[in-house]
Amino acid sequence: MNFNEYRKLSERTINQALTNDQKLTHGICGLMSEVNEIADVYKEVAGAKTLNDRFDAEKHCLSEIGDALWFVAEIATAENIRVPEDCIAVGSVTENITEYCTIVQKRMQGKAYSEYDVVHAVGCILACFRNEAEFFGYKLSDLYEQNLEKLRKRYPEGFSEERSEHRAEGDI
């Protein structure tokens, strides 16, 4: 599965009551939140005392990367763009998110921007997550599948505000 296929399948779990601008804002804020969670989990991986603890922390980290990918998909949906899989990560994930936010800010100020710049910035964010997945021995397609499975359980009928606020035990 590639990112654009994942994006299409994950769209059913996006709050359709939001405007595209609201989806964009939700996607950016959610992505930044997930990146912070990933950083916290990396500390767990580094501080693991046993192999079991390390395995649990790595599994948690991969789940958080999957959540971050969902927010990237929400952004791509709001932007109505297809993201190439072959982008090369230039800089860190936070640098690439900052670059994307700068483009959005310019657009909101009425300044010119190119769709190429948007696609490139989102593609670089995706490439950063691909690198992180590969660090743990996974492919992005593995994380897409894991995340979709979690979303199917959480939202069997599509997005629900009730289910987003009241999750089953163990649903992170």
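Residues numbered from 1 in each chain as written. Predicted model: local features only at pLDDT ≥ 70, side-chain atom pairs only at ≥ 80, totals over all residues. Heavy atoms only, no water.

In contact at an axis separation of 9 Å, helix H5 (residues 115-135) and helix H6 (residues 140-154) are set at 95° when each is read in the N-to-C sense. One finds that H5 runs roughly perpendicular with respect to H6. Touching Leu126, Phe129, Arg130 and Ala133 of H5 are Leu140, Leu143 and Tyr144, all from H6. A breakdown of the residues in the contact of H5 with H6 according to their chemical character gives six nonpolar, no polar and one charged. (Axes fitted to C-alpha atoms, helices over the stretch in contact; angles between N-to-C directions. Helix = DSSP H or I, 4+ residues; strand = E, 2+ residues; numbered from the N terminus. Parallel < 35°, antiparallel > 145°, perpendicular 65-115°, else oblique. Contact = heavy atoms within 4.5 Å. Nonpolar A, V, L, I, M, F, W, Y, C, P; charged D, E, K, R; others polar.)

Let's shift gears to the environment of Val72. Positionally, Val72 belongs in helix H3 (residues 51-79). Note on Val72: relative accessible area 1%, which makes it buried. With 42 residues separating them along the chain, Val72 and Ser114 place their C-alpha atoms 19 Å apart. When residues no more than four places from it in sequence are discounted, the contact partners of Val72 are Phe3, Leu31, Val122, Ile125 and Phe129. (Buried < 20%, exposed > 50% of the residue type's maximum accessible area, 1.4 Å probe, protein only.)

With that settled, consider helix H4 (residues 93-108). With 16 residues, H4 extends 22 Å from end C-alpha to end C-alpha; this agrees with the ideal 22 Å at 1.5 Å per step. Among the residues of H4, those classed as buried are Val93, Asn96, Ile97, Tyr100, Ile103 and Val104. All buried residues of H4 lie within an arc of 115° about the axis, which places them on one face of the element. Tucked inside the fold, the buried residues of H4 contact helix H2 (20-47), H3 and H5. After H4 finishes, the residue Gly110 shows a positive phi value of roughly 85°. (Expected span 1.5 Å × (residues − 1). Arc of directions from axis to C-beta.)

This part covers the pattern of salt bridges. Between side chains of opposite charge, a pair can form as their charged atoms come close. By the definition in use, this model includes seven salt bridges. Here Lys8 and Glu11 are joined by a salt bridge, their closest N and O atoms 3.8 Å apart. One salt bridge connects Asp67 with Lys150, and the closest N-O pair in it is separated by 2.5 Å. Remark: Lys150 occurs in helix H6 and Asp67 occurs in helix H3; sequence separation between them is 83 residues. One connected set of salt bridges, linked through shared partners, spans Arg7, Lys8 and Glu11. (Salt bridge = Lys/Arg side-chain N within 4 Å of Asp/Glu carboxyl O.)

Our next topic: helix H1 (residues 3-10). Those residues of H1 not exposed but buried are Phe3, Asn4, Tyr6, Arg7 and Ser10. For H1, the arc enclosing every buried residue in end-on projection is 155°, short of the 170-degree limit, so these residues lie on one face. In this structure, the buried residues of H1 make contact with H3, H5 and H6.

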